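Listed below are the residues making up each chain.
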Amino acid sequence: MDASSFLHQLVQQLINGISLGSIYALVALGYTMVYGIIKLINFAHGDIYMLGAYAGFFATTILKLSFLPALVFAMVVAAVAGIIIERLAYRPLRNAPRIAVLITAIGVSLLLEYGMMLFVTPQPRTFPAVFSATVYNFGGLIVNSQQVLILVTAVFLMVTLTYIVQKTMVGKAMRAVSYDMDAARLMGIDVDKVISYTFALGSALAAAAGVLVGVYYNSIDPLMGIMPGLKAFVAAVLGGIGILPGAMLGGVLLGVVEAMVSGFFSSTFRDAAAFAILIIILLFRPSGLLGKNIREKV
Amino acid sequence: MQALRKQDLLLLGLAVVFYAIVQGLLMADIIGPFWELNIVLVGINIILAASLNLINGFTGQFSIGHAGFMAVGAYVGAVMTVKFSLPFIVALAGGAVAAGILGFLIGLPTLRLSGDYLAIATLGLGEIIRITILNIPYVGGASGFMGIPRLADFTWVFFLTIFTLFFIKNLIRSSHGRACISIRENEIAAETMGIDTTRYKVLAFTIGASFAGLAGTLFSHYFYIAHPASFTFMRSFDILTMVVLGGLGSMTGAVTGAVLLTFISAALASYPEWRMVIYSISLIILMLYRPQGLLGDKEISLSIIKRLTGGDSRAEN
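Residues numbered from 1 in each chain as written. Chains lettered and ligands numbered in written order. Predicted model: local features only at pLDDT ≥ 70, side-chain atom pairs only at ≥ 80, totals over all residues.

A. How the structure looks around the overall build of chain B. In terms of regular secondary structure, chain B is built from 13 helices and zero strands. Along chain B, helices (α) and strands (β) appear in the sequence α-α-α-α-α-α-α-α-α-α-α-α-α when read from the amino end. For a compact globule of 317 residues, the expected C-alpha radius of gyration is about 20 Å, and chain B comes in at 19 Å, within 12% of that figure. Projecting the C-alpha coordinates of chain B onto the three principal axes gives extents of approximately 55 × 50 × 40 Å. (Helix = DSSP H or I, 4+ residues; strand = E, 2+ residues; numbered from the N terminus. Rg over C-alpha atoms; globule rule 2.2 N^0.38 Å.)

B. Inspection of the overall build of chain A at higher detail. Within chain A one finds eleven helices and four strands. Relative to the 2.2 N^0.38 estimate, which gives 19 Å for 298 residues, the radius of gyration of chain A is 19 Å and therefore close to what a compact globule would have. The principal-axis extents of the C-alpha atoms in chain A amount to approximately 60 × 50 × 35 Å. Within chain A, residue pairs in contact and separated by at least 24 positions form 76% of the contacts whose partners lie at least 6 positions apart. (Contact = placed C-beta atoms within 7 Å.)

C. Structural detail: the interface of chain B and chain A. Each partner contributes residues to the interface: chain B has 31 residues there, and chain A has 34 residues. Those elements that provide at least two residues to the side of chain B that touches chain A are helix H5 (115-134), helix H10 (233-246) and helix H12 (272-289) of chain B. With eleven residues, H5(B) is the single largest residue contributor to the side of chain B that touches chain A. Here the side of chain B that touches chain A is built from residues that sort into 22 nonpolar, six polar and three charged. (Nonpolar A, V, L, I, M, F, W, Y, C, P; charged D, E, K, R; others polar.)

D. The packing of helix H2 (residues 45-61) of chain A against helix H9 (residues 226-239) of chain A, seen in detail. All names here are of chain A. It is at 8 Å that the axes of H2 and H9 come closest, and there the two elements cross at 130 degrees. Comparing their axes, H9 and H2 come out oblique. You can see that H2 and H9 cross each other, and the crossing is right-handed. Between H2 and H9, the residues in contact are His45, Gly46, Asp47 and Tyr49 and Ile226, Pro228, Gly229, Leu230 and Ala232, respectively. A class-by-class count of the residues in the contact of H2 with H9 yields five nonpolar, three polar and one charged. (Axes fitted to C-alpha atoms, helices over the stretch in contact; angles between N-to-C directions. Parallel < 35°, antiparallel > 145°, perpendicular 65-115°, else oblique. Left-handed = near helix turned anticlockwise from the far one by under 90°.)

E. H9(A), seen in detail. The end-to-end C-alpha distance of H9(A) is 20 Å, a good match for the 20 Å that 14 residues give at a rise of 1.5 Å each. Summarising burial for H9(A): twelve of the 14 residues are buried, a large majority. Every buried residue of H9(A) is listed here: A:Pro228, A:Gly229, A:Leu230, A:Lys231, A:Ala232, A:Phe233, A:Val234, A:Ala235, A:Ala236, A:Val237, A:Leu238 and A:Gly239. Residues of H9(A) that are buried make contact with helix H1 (3-38), H2, helix H10 (244-264) and helix H11 (270-284) of chain A together with H5 of chain B. One or two residues past the end of H9(A) sits A:Gly240, with phi positive at roughly 110 degrees. (Expected span 1.5 Å × (residues − 1). Buried ≥ 20, exposed ≤ 12 C-beta atoms within 10 Å, placed from the backbone.)

F. Here's a closer look at the pairing of strand E3 (residues 141-144) of chain A. Residues and elements named next belong to chain A. Pairing between strand E2 (residues 135-138) and E3: four bridges, direction antiparallel. Bridge pairing in E3 links Val135 to Asn144. Between E2 and E3, which follow one another and run antiparallel, lie two residues, and Gly139 among them has a positive phi close to 50 degrees. (Pairing = 2+ DSSP bridges.)

G. Structural view of unusual backbone geometry. Residues and elements named next belong to chain A. Phi at Lys64 takes a positive value of approximately 55 degrees, unusual for a residue other than glycine. By secondary structure assignment, the location of Lys64 is in the loop between H2 and helix H3 (67-90). For Lys64, a count of 10 C-beta atoms within 10 Å gives the class exposed. You will see that Thr121, though not glycine, has its phi angle at about 65 degrees, which is positive. Looking at the element boundaries, Thr121 is found in the loop between helix H4 (98-120) and strand E1 (125-126). A residue is classified by how many C-beta atoms lie within 10 Å of it, and Thr121, with 12 of them, is exposed.

H. Inspection of the environment of A:Val194 at higher detail. Residues and elements named next belong to chain A. With respect to the helices, strands and loops of the structure, Val194 is situated in helix H8 (residues 191-217). What makes Val194 buried here is the crowd of 23 C-beta atoms within 10 Å. Separated by 39 residues in the primary sequence, Val194 and Phe233 place their C-alpha atoms 22 Å from one another.

I. Structural context of the nonpolar core. Residue and element names in this part refer to chain A. One finds Leu26, Ala74, Ala78, Ala207, Ala208 and Leu278 to be the most contacted residues of the largest nonpolar core, which totals 202 residues. Per-element accounting of this core gives the leading share, 16 residues, to H8. Not counting chain neighbours up to four residues away, the residues in contact with Ala74 comprise Gly52, Ala55, Gly56, Ala59, Ala207, Gly210 and Val211. (Core = buried A, V, L, I, M, F, W, Y, C linked by C-beta atoms within 7 Å.)

J. Looking closely at the packing of H10(B) against helix H11 (residues 251-267) of chain B. All names here are of chain B. At a minimum axis separation of 7 Å, H10 and H11 run at an interaxial angle of 120 degrees. Between H10 and H11, the crossing angle belongs to the class labelled oblique. Of the two possible hands of crossing, H10 and H11 adopt the one that is right-handed. Residues Thr241, Met242, Val243, Leu245 and Gly246 of H10 form the contact with H11, whose participating residues are Gly253, Ala254, Val255, Thr256, Gly257, Ala258, Leu260 and Leu261.

K. Region of the structure containing the environment of A:Glu258. Residue and element names in this part refer to chain A. Here Glu258 is to be found in helix H10. Look at Glu258 and you get buried, because 24 C-beta atoms sit within 10 Å. In this structure, the C-alpha to C-alpha distance between Glu258 and Gly17, residues 241 residues apart in sequence, is 6.9 Å. For Glu258, the contacting residues outside a window of four places in its chain are Gly17, Leu20, Arg270, Ala273 and Ala274.

See the structure below:
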């Protein structure tokens with residue numbers, strides 16, 4: 001491979017990686033928000049993403065909605081699902097050992113996957129083409145309209161989320177609860193409500209990612225959330241768990257690395273690469289790229 | 001000490017009687033092949049749960065990559081019997097040693113992490129092991145390692161399960177075991193008392209991994225095949241679920257969890273589409289009502305049974 005074609009390949013994979021990575025970033029945000037507040041690895045989050053993809057699918061096929069209303073519909077459905085799950089499965093365990101909550105999260109994840117299979121059968125479905133796929137060619141670099149759509153939607157949602165967290169009352173409450181739950185409660189913040197709100201926001205973002213993936217790959221199935229869910233968690237840890245810009249950075253970085261590995265080596269090693277990076281980061285910077293080291297006190 | 005030994009002998013005797021009964025039922029074909037398979041699976045799951053319990057329950061190190069070590073044992077054992085035609089017992093030892101060495105190499109750097117970070121690192125490592133195996137054509141790659149002879153049977157599984165349980169029980173009761181438990185209770189305090197925490201964490205991790213390797217070798221030599229898809233993180237979750245369900249830090253709890261989950265899973269086998277739904281709902285409900293697991297960190301022991309039946313009320317050991 002000579003230098004110019006190498007460079008060309010590099011930029012091409014960078015483009016693919018960023019669009020894939022922004023999907024990871026959207027899912028990672030939900031992980032990081034939930035973890036930041038109740039210190040729970042919400043394994044069911046990947047399945048909320050799957051739920052969102054199906055909600056988008058039914059909105060476009062049965063309700064005949066166009067892309068934007070379908071996206072909003074999926075986000076609302078997922079937000080409600082997130083609130084219900086938190087209310088029924090996680091809230092009763094607020095003071096239980098953390099591993100019990102984790103097992104519950106795994107249980108919820110299995111329930112969503114196999115419950116969904118009962119309703120929609122395990123067969124993959126073809127996501128309707130809501131956008132005609134236009135392929136743009138910039139001097140040999142291929143960008144299709146779906147990648148642009150993913151990027152624009154993801155950036156818009158991330159900006160909105162940052163605004164909500166940084167500028168609104170609820171956002172301030174969320175930051176307070178994640179900083180110190182007991183102190184926040186003493187200041188009159190309704191902690192349970194804030195946690196519900198966090199689940200709703202995170203789930204809505206995951207659903208948006210699900211719909212975008214449906215549009216991009218044209219295929220959805222009940223188990224589609226497992227791997228992306230896990231990798232989104234990796235992305236959240238990579239950036240520094242509990243930190244919103246960290247999740248965005250981690251997601252995009254992970255997407256780029258995966259695209260590079262499948263472009264230059266072999267796509268079978270793609271998943272291993274993601275985990276290898278995770279372990280390297282954990283060993284050398286356990287608090288993540290943007291995280292601060294907190295010294296353990298006795 | 002004397003009383004302890006006596007109890008061990010009694011338990012061993014009970015185990016042999018239990019073995020004789022089940023083996024007799026198997027020989028007389030009263031237990032059909034489906035339940036025979038599940039009994040063997042219970043044994044393998046007990047080894048897995050008990051060894052994970054050593055890491056998670058007793059040492060307090062949150063590991064969820066157990067399926068990876070199981071995979072190593074399954075494949076190394078299979079390579080030894082199929083490619084080198086070594087006897088089964090050598091393969092069992094080889095599988096356990098290989099998984100143990102890998103556990104040591106992985107444990108040394110990663111056990112510096114704690115809590116969720118360790119969890120996610122071990123999960124990642126388990127997946128890396130699986131994906132690496134998937135990419136080795138020598139052991140069948142993605143289509144799995146086929147043509148493994150069925151060398152394991154109920155007898156092998158049963159006695160290795162008993163061996164595992166006694167080994168781990170004795171380890172826990174030794175000074176090494178107490179060091180492990182002290183790390184779980186308070187790592188900083190343990191360190192202050194002069195316990196080399198890294199050493200004991202790695203020790204527990206290595207022993208746990210090698211027993212997982214043993215279980216893996218038994219697994220591949222009972223089911224004729226070692227397939228990468230059998231060793232995904234879902235299997236690690238399964239083992240973790242058994243341990244937590246039975247009660248973290250309880251030997252008898254791990255056994256209870258393994259027996260219960262394997263049989264629930266088997267009993268639901270005739271409703272394939274509802275199986276996982278019922279399984280997950282019961283898991284959630286159990287966790288909601290009994291977050292510390294069925295037994296908590298208590299043990300079912302002879303003295304408790306004696307006390308419950310109104311025998312002498314000697315304090316439990």
